[in-house]
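# Structural characterization, general
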Amino acid sequence: MQALVVERLTGDVSGVALADVAEPGRGAGEVKVRVAAASLNFPDLLMTRGEYQFKPEVPFTSGLEFAGEVLEADPGSGFAPGDRVMGGNKTGAFAEIACVPAGKLSVMPTGMDFAAAAAMGAAYATAFTGLVELGGLQEGQWMLVHGASGGVGLAACDLARALGARVIATTGSPAKAARIAALACPEAVIVAEGRFREEVARLTGGALADIVFDPVGGDVFDESTRCVAFGGKLVVVGFTSGRIAEVSTNIPLIKGFSIVGLRAGEYARRFPERGAAITRAITHLAEAGAIFPAIDRILPLSRWREGFDAMVRRELVGKVVFVPGA
Ligand SMILES: NC(=O)c1ccc[n+]([C@@H]2O[C@H](COP(=O)([O-])OP(=O)(O)OC[C@H]3O[C@@H](n4cnc5c(N)ncnc54)[C@H](OP(=O)(O)O)[C@@H]3O)[C@@H](O)[C@H]2O)c1
């Protein structure tokens, strides 16, 4: 079968290649799925460089999430051939066939197509865990969402709006502002460069943000410590800027806010009941038409390089979806 294999860890994608590999064997408790669509996430890129917290041994098949149709499953696993499912297990999604533990899959929302389902899972679970579970999002609160053109950032904007919050989206790429506004319908899109606290204060009538959702880090995190309301939360999501920020602990003390670290996958593993509740809540919102993942482009897996390059060059607004076998 066709699969995207990371053969060597390099600083670029020169160690990655489309290859013809043997179909994975289905282990005990695993479900075998024909992958119809798989989406690219920033951690996929980091894993090609050995820079993600999870470091699989090379060679490995890339791709942390997919949607597809069940081919084989154990009786009693909750799945049967023909079921339309979504999920993933950190690697193995960029292939025609994937085998993953049953607990890593969920049934796709009714009415959703494979591309949207592949694009939704990790991004919306991350957004929901950060904003609702850890952030305690309430209707009418102000959210400041950074990296809003990205898969996770756009999902956070979309979800927060659907839950009745007021969203200020930020981007480091002014040319993307109009597309973010059209897709996520926030109250405002601002450019997160230099000092942006005054803009946040003006937009919120001086209240500042109840939750800052930050996948960018670096300078954006530093300035964000000036944008959180008293009693608010600054949720650390990632470091796409390439710099892990440091903070003097007197700042959250004086300003009365909390800094919260988010690990959405680990949260669901440690608290499986909450993980299942998050999946149910997202599915419910999707089936009600309240949220919808934004897709920048759908590519055959043979054009994987185009998708990876676009992510590296920060060209995307929304997700890249690959179609294996095409
Ligand atoms: N904590 C968790 O549980 C969890 C789960 C999933 C993902 N993540 C993390 O969330 C982050 C976003 O993932 P994603 O899949 O949404 O990635 P993505 O689709 O590539 O989006 C990342 C966004 O960050 C901004 N960005 C990229 N490079 C940047 C740079 N050098 N300086 C400043 N901004 C930059 C870009 O927005 P603009 O061009 O608009 O500025 C880009 O759209 C990653 O760090 C990922 O590891 C965390």
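Source: prediction; values computed, not measured. (Residues numbered from 1 in each chain as written. Predicted model: local features only at pLDDT ≥ 70, side-chain atom pairs only at ≥ 80, totals over all residues. Heavy atoms only, no water.)

Looking only at helices and strands, one finds 10 helices and 16 strands in the protein chain. For the protein chain, whose C-alpha radius of gyration is 19 Å, the value lies close to the compact-globule estimate of 20 Å for 326 residues. Here the C-alpha coordinates of the protein chain stretch approximately 60 × 40 × 35 Å along the principal axes. Within the protein chain, the fraction of its 326 residues that count as buried is 50%. Total accessible area on the protein chain stands at roughly 14000 Å², and carbon and sulfur atoms take up 52% of it. Put simply, the protein chain has 31 plus and 35 minus side-chain charges, and the middle of one group is 4 Å from the middle of the other. (Helix = DSSP H or I, 4+ residues; strand = E, 2+ residues; numbered from the N terminus. Rg over C-alpha atoms; globule rule 2.2 N^0.38 Å. Buried < 20%, exposed > 50% of the residue type's maximum accessible area, 1.4 Å probe, protein only. Areas by Shrake-Rupley, 256 points an atom, 1.4 Å probe, with all protein chains shown as cover. Lys, Arg positive; Asp, Glu negative; His and termini not counted. Charge placed at Lys NZ, Arg CZ, Asp CG, Glu CD.)

Let us look at the packing of aromatic side chains. Summed over the entire model, instances satisfying the criterion amount to 5 aromatic pairs. Here the aromatic rings of Phe94 and Phe308 are separated by 6.3 Å at their centres, their planes lie at 75°, and the arrangement is edge-to-face. Residue Phe94 is located in the loop between β6 (84–87) and β7 (97–101), and its partner Phe308 is located in helix α10 (residues 304–312); the two are separated by 214 residues in the primary sequence. A residue is classified by how much of its surface remains accessible, and Phe94, at 1% relative accessible area, is buried. (Phe/Tyr/Trp six-rings, centres within 6.5 Å; stacked < 30°, edge-to-face > 60°.)

This paragraph deals with the domain arrangement of the protein chain. Parsing the protein chain into structural domains produces domain 1 (2–108 + 294–323) and domain 2 (124–265). Centre-to-centre separation of domain 1 and domain 2, based on C-alpha positions: 28 Å. When domain 1 packs against domain 2, close to 800 Å² is buried across both sides, 59% of that on carbon and sulfur atoms. Per-residue buried area on domain 1 facing domain 2 is highest for Ala294, Arg314 and Val317; these three make up 56% of the total on that side. Run the count over domain 1 and domain 2 and you get 1 salt bridge. When the shortest N-O distance is used, the salt bridge between Asp296 and Arg179 registers 3.8 Å. Between the two partners, domain 1 and domain 2, sit 3 residue pairs in polar contact (both at pLDDT 80 or more). Grouping the constituent residues of the side of domain 1 that touches domain 2 by class yields 4 nonpolar, 2 polar and 4 charged. (Domains from an automatic or database assignment. Buried area = accessible area lost by both parts, 1.4 Å probe. Salt bridge = Lys/Arg side-chain N within 4 Å of Asp/Glu carboxyl O. Polar contact = N/O pair within 3.5 Å; in protein donor to acceptor, adjacent residues only side chain to side chain. Nonpolar A, V, L, I, M, F, W, Y, C, P; charged D, E, K, R; others polar.)

Taking strand neighbours across the sheet as the criterion, the 3 strands line up as β2-β1-β4 in an open arrangement whose pairing is antiparallel. The sheet is open, and its two edges are formed by β2 (16–20) and β4 (60–61), each paired on a single side. As judged from the 5 bridges shared by strand β1 (residues 2–6) and β2, these two strands associate in the antiparallel manner. Counterpart to Val5 in the pairing with β2 is Ala17. (Pairing = 2+ DSSP bridges.)

Around the ligand sit 25 residues, and of these Ser149, Thr171, Gly172, Ser173 and Lys176 come closest. Phe42 is positioned such that a nitrogen or oxygen atom in its backbone is 3.0 Å from an oxygen atom of the ligand. Here an oxygen atom of the ligand sits 2.7 Å away from a polar atom, N or O, in the side chain of Lys176. Isolated, the ligand exposes 910 Å² of accessible area, and the fraction of that covered by the protein chains is 86%. Listing elements by their share of the shell around the ligand, those giving two or more residues are α1 (42–49) and α3 (151–162). Its residues assigned to classes, the shell around the ligand comprises 10 nonpolar, 12 polar and 3 charged. (Near = heavy atom within 4 Å.)

In terms of strand pairing, strand β12 (residues 209–214) meets strand β13 (residues 228–236) through 5 bridges, oriented parallel. Bridging across to β13, Phe213 finds its partner in Val235. In this fold, β12 hands off to helix α6 (residues 218–224), which returns the chain to β13; that crossover is right-handed. Relative to strand β14 (residues 258–261), β13 runs parallel, the two sharing 4 bridges. The residue of β14 that forms the bridge with Val235 is Val260. (Right-handed = clockwise from strand over helix to strand, strands pointing away.)

Core analysis: the largest hydrophobic core is formed by 47 residues, its most contacted members being Met120, Leu131, Met143 and Ile291. No other element matches helix α2 (residues 114–134), which puts 12 residues into this core. Apart from the residues lying within four places of it in its own chain, the contact partners of Ile291 are Met120, Tyr124, Asp158, Leu159, Ala162, Ile282, Leu285 and Ala286. If you look at the next biggest cluster of nonpolar residues, it comprises 35 residues, including Val6, Phe60, Leu316 and Phe322. (Core = buried A, V, L, I, M, F, W, Y, C linked by side-chain atoms within 4.5 Å. Contact = heavy atoms within 4.5 Å.)

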